[in-house]
Amino acid sequence: SFGGLISMEATQAVDVDGLILYEPPMPAVTVDQDHESIASRMETLLAEGDREAAGRLFFEEATGAENVEQWPIWPDCLTLAETMIRESAIVEEFRPDGLDLSVPTLLLTGEYSPDHLQTSIDVLEGRIPDTRRVELEGVGHAGMASAPGQIATAVRGFL
């Protein structure tokens, strides 16, 4: 998802033949802005010494993930709290306005992904002239882990 934002920005400096984007988050254009940012809330939790709560906040609220403490990679995720804060701050400010996104683009979204991530796909579908949208059945934002076959099929079809 964050890689999608980077990829969209990169197309402004590098010629590409196409883009494949999996729910790039754009809360600046998809979420009511009358709330404290995830990055700020994570910073507060980290300052209070609650690294686990900061990590849970990032994954559960931003991506809709559940039971993150049960993930095999969970302990490693906690070491990245500062990185997640920096990433969240960038995500919260990102707007696709002014980007020339005129390359063929595959937009991937999960059937059960959070509304704000599905809305980001709606926004991009309305702004990028040559898009193909694929909804991954039975999955949420973590489709790469839970539905790699569906993603591979969609990517092969696009390519």
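Provided above is the structure to which this section pertains.
In this text the structure is predicted, and so the values were computed from the model without any measurement. (Residues numbered from 1 in each chain as written. Predicted model: local features only at pLDDT ≥ 70, side-chain atom pairs only at ≥ 80, totals over all residues. Heavy atoms only, no water.)

(A) Quick peek at the nonpolar core. Grouped together as the largest cluster of nonpolar side chains are 19 residues, with contacts concentrated most on Met42, Phe59, Trp74 and Met84. For this core, the elements supplying multiple residues, two or more each, are helix H3 (38-47), helix H4 (51-63), helix H5 (74-78) and helix H6 (81-93). Ranked by residues supplied to this core, first place goes to H4 with six residues. If sequence neighbours within four positions are ignored, Met42 has contacts with Ala54, Leu57, Phe58, Ala81, Met84, Ile85 and Ser88. (Core = buried A, V, L, I, M, F, W, Y, C linked by side-chain atoms within 4.5 Å. Buried < 20%, exposed > 50% of the residue type's maximum accessible area, 1.4 Å probe, protein only. Helix = DSSP H or I, 4+ residues; strand = E, 2+ residues; numbered from the N terminus. Contact = heavy atoms within 4.5 Å.)

(B) View of the layout of surface pockets. In this structure, the largest pocket encloses a volume near 860 Å³. Residue lining of the largest pocket: 37 residues in total, with Phe58, Phe59, Ala62, Thr63 and His141 positioned closest to the centre. Only helix H2 (27-30), H4, H6, helix H7 (115-127) and helix H8 (143-146) provide two or more residues apiece to the lining of the largest pocket. Take the lining of the largest pocket: its biggest share by element is six residues, from H6. Residue composition of the lining of the largest pocket, grouped by class: 20 nonpolar, 13 polar and four charged. (1 Å grid on protein atoms, 1.4 Å probe; cavity = no way out; pocket = protein on both sides within 12 Å on 5 of 7 lines; lining within 4 Å. Points joined across faces, edges and corners; volume = space filled by probe spheres on them. Nonpolar A, V, L, I, M, F, W, Y, C, P; charged D, E, K, R; others polar.)

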